[in-house]
Amino acid sequence: GAGVSQSPSNKVTEKGKDVELRCDPISGHTALYWYRQSLGQGLEFLIYFQGNSAPDKSGLPSDRFSAERTGGSVSTLTIQRTQQEDSAVYLCASSFRAANEKLFFGSGTQLSVL
Amino acid sequence: SQQGEEDPQALSIQEGENATMNCSYKTSINNLQWYRQNSGRGLVHLILIRSNEREKHSGRLRVTLDTSKKSSSLLITASRAADTASYFCATWEDSNYQLIWGAGTKLIIKP
């Protein structure tokens, strides 16, 4: 595609519900990143994919968070049993290779947990 | 963990003036990048400077890198209202697979 696409753009959910956030990276980009950003804060690294593999999952805040990537393309970030502290903007980015390159970001998903 | 640290945290200037933001980091890097973020959503890459470069220009942007001081600066000349945004620096460490991000500088351009 022309750019990194994230859906939904906004998601309002009730505490305790599960949510799925989707990221469609730029075609041909092998590296994919998920970040979380709370209001007025910097970027918090969550997870990185090289192809379909996630070499490091240590950034995931708790075992309620999981992510997968299939076909070396689309990635899904799942948050189970959402809590109010999960409210944030979730950003996805991709790059052609894994290191030393610039990232292309999607517009993010604003998650609000009531 | 956040390695890059920007200062100032916030900067408010008049349209037409120059804006300077600084970034410091702690370890050896491969390159340093600057990104802009409007309205708290997606970030846009502005410029990348490699560790063996000292200065780089792109339009009204000028970036410098001092590896001895582990610092970088971003200069925006002749600022415009549309430059109002948050600006983040990020570094690729020599032996890492991810960018390390600073907390950002919030720039406000007053008309």
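Details of the structure are given in the entry above.
Residues numbered from 1 in each chain as written. Chains lettered and ligands numbered in written order. Predicted model: local features only at pLDDT ≥ 70, side-chain atom pairs only at ≥ 80, totals over all residues. Heavy atoms only, no water.

J.: Can you help me understand the packing of aromatic side chains in this one?
T.: Centre distance and the angle of the planes are the two values used to describe a pair of aromatic rings. Enumeration according to the criterion identifies eight aromatic pairs over all chains in this entry. On the basis of an interplanar angle of 35° and a centroid distance of 6.0 Å, the ring pair of A:Tyr35 and A:Phe105 is categorised as tilted. Of the two residues, A:Tyr35 sits in strand S4 (residues 31-37) while A:Phe105 sits in strand S10 (residues 104-105), which places them 70 residues apart along the sequence. With a centroid separation of 5.9 Å and an interplanar angle of 80°, the aromatic rings of A:Phe105 and B:Tyr35 are classed as edge-to-face. Of this pair, A:Phe105 sits in strand S10 while B:Tyr35 sits in strand S4 (residues 29-37), on two different chains. Across the pair, exposure class does not vary: A:Phe105 and B:Tyr35 are buried alike. What links up through ring pairs into an aromatic cluster is the set A:Tyr33, A:Tyr35, A:Phe45, A:Tyr48, A:Phe105, B:Tyr35 and B:Trp101. (Phe/Tyr/Trp six-rings, centres within 6.5 Å; stacked < 30°, edge-to-face > 60°. Helix = DSSP H or I, 4+ residues; strand = E, 2+ residues; numbered from the N terminus. Buried < 20%, exposed > 50% of the residue type's maximum accessible area, 1.4 Å probe, protein only.)

J.: Honestly, the sheet that holds strand S6 (residues 55-58) of chain B in this entry has me stumped. Any pointers?
T.: Backbone hydrogen bonds are what pair the strands of a sheet, in a parallel or an antiparallel way. All names here are of chain B. What the five strands build is an open sheet, ordered S1-S3-S8-S7-S6; its pairing is antiparallel. The two strands at the open ends of the sheet, each matched to only one other strand, are strand S1 (5-7) and S6. This sheet shows a mean twist of 15° between the axes of neighbouring strands, independent of strand direction. Pairing analysis gives six bridges linking strand S3 (residues 19-24) to strand S8 (residues 71-76), with the strands arranged antiparallel. When the sheet's bridge partners are listed, asparagine 22 is paired in S8 with serine 73. (Pairing = 2+ DSSP bridges. Axes fitted to C-alpha atoms, helices over the stretch in contact; angles between N-to-C directions.)

J.: Explain the interface of chain B and chain A here, please?
T.: Accessible area lost upon the coming together of the parts is a frequently used measure of interface size. Between chain B and chain A, the contact holds 22 residues from the first and 25 residues from the second. In total, about 1,700 Å² of surface goes out of reach between chain B and chain A, with carbon and sulfur atoms giving 51% of it. Taken together, the connections running from chain B to chain A amount to zero salt bridges. Counting every contact that joins chain B to chain A gives five residue pairs in polar contact (both at pLDDT 80 or more). Of all the secondary-structure elements, those providing two or more residues to the side of chain B that touches chain A are S4, strand S5 (43-50), strand S9 (85-93) and strand S10 (99-101) of chain B. No other element matches S4(B), which puts five residues into the side of chain B that touches chain A. (Contact = heavy atoms within 4.5 Å. Buried area = accessible area lost by both parts, 1.4 Å probe. Salt bridge = Lys/Arg side-chain N within 4 Å of Asp/Glu carboxyl O. Polar contact = N/O pair within 3.5 Å; in protein donor to acceptor, adjacent residues only side chain to side chain.)

J.: Help me understand the environment of B:Gln33 in this model?
T.: You can see B:Gln33 is positioned in strand S4. C-alpha of B:Gln33 to C-alpha of B:Leu46: the two residues are 13 residues apart in sequence and 7.5 Å apart in space. Leaving out residues up to four positions away in the same chain, B:Gln33 has contacts with A:Glu101, A:Lys102, A:Leu103, B:His45, B:Ile47, B:Leu48, B:Phe88, B:Cys89, B:Ala90, B:Trp92 and B:Leu99. Within the structure, B:Gln33 has its side chain in polar contact with the side chain of B:Asn31 (distance 3.2 Å). Of note is the side chain of B:Gln33, whose polar atom sits 2.5 Å from the side chain of B:Tyr35.

J.: Looking at this structure, how should I read the environment of A:Ile26?
T.: All names here are of chain A. With respect to the helices, strands and loops of the structure, isoleucine 26 is situated in the loop between strand S3 (19-24) and S4. Exposure remark for isoleucine 26: the relative accessible area of 14% places this residue in the buried category. Between the C-alpha atom of isoleucine 26 and that of serine 95, which follows or precedes it by 69 residues, the distance is 7.9 Å.

J.: Please explain the pairing of S4(B) as it appears in this structure.
T.: Working note: regular strand, side chains alternate between the two faces of the sheet. Residue and element names in this part refer to chain B. The buried fraction of S4 is high, at seven of nine residues. As paired elements, S4 and S9 share eight bridges and run antiparallel to each other. Bridging across to S9, asparagine 31 finds its partner in tryptophan 92. Pairing of S4 with S5 involves seven bridges; the strand directions are antiparallel. Considered in S5, the bridge of tryptophan 34 is made with isoleucine 47.

J.: For this particular structure, what's the right way to read the state of the cysteines?
T.: In a disulfide, the sulfur atoms of two cysteines are covalently bonded to one another. Tallied over the entire structure, the rule returns two disulfides over all chains. The partner cysteine of A:Cys23 in its disulfide is A:Cys92, sulfur to sulfur 1.8 Å. Between A:Cys23 and A:Cys92, the disulfide has an S-S torsion of -65° and is therefore left-handed. Of this pair, A:Cys23 sits in strand S3 while A:Cys92 sits in strand S9 (residues 88-95), placing them 69 residues apart in sequence. Residue classification places A:Cys23 among the buried residues on the basis of a relative accessible area of 0%. Residue A:Cys92 is classed as buried on the basis of its relative accessible area of 0%. Disulfide partner of B:Cys23: B:Cys89, at an S-S distance of 2.0 Å. The sign of the 65° torsion about the S-S bond sets the B:Cys23-B:Cys89 disulfide as right-handed. Here the residue B:Cys23 occupies a position in strand S3, and B:Cys89 occupies one in strand S9, the gap between them amounting to 66 residues. (Disulfide = S-S within 2.5 Å.)

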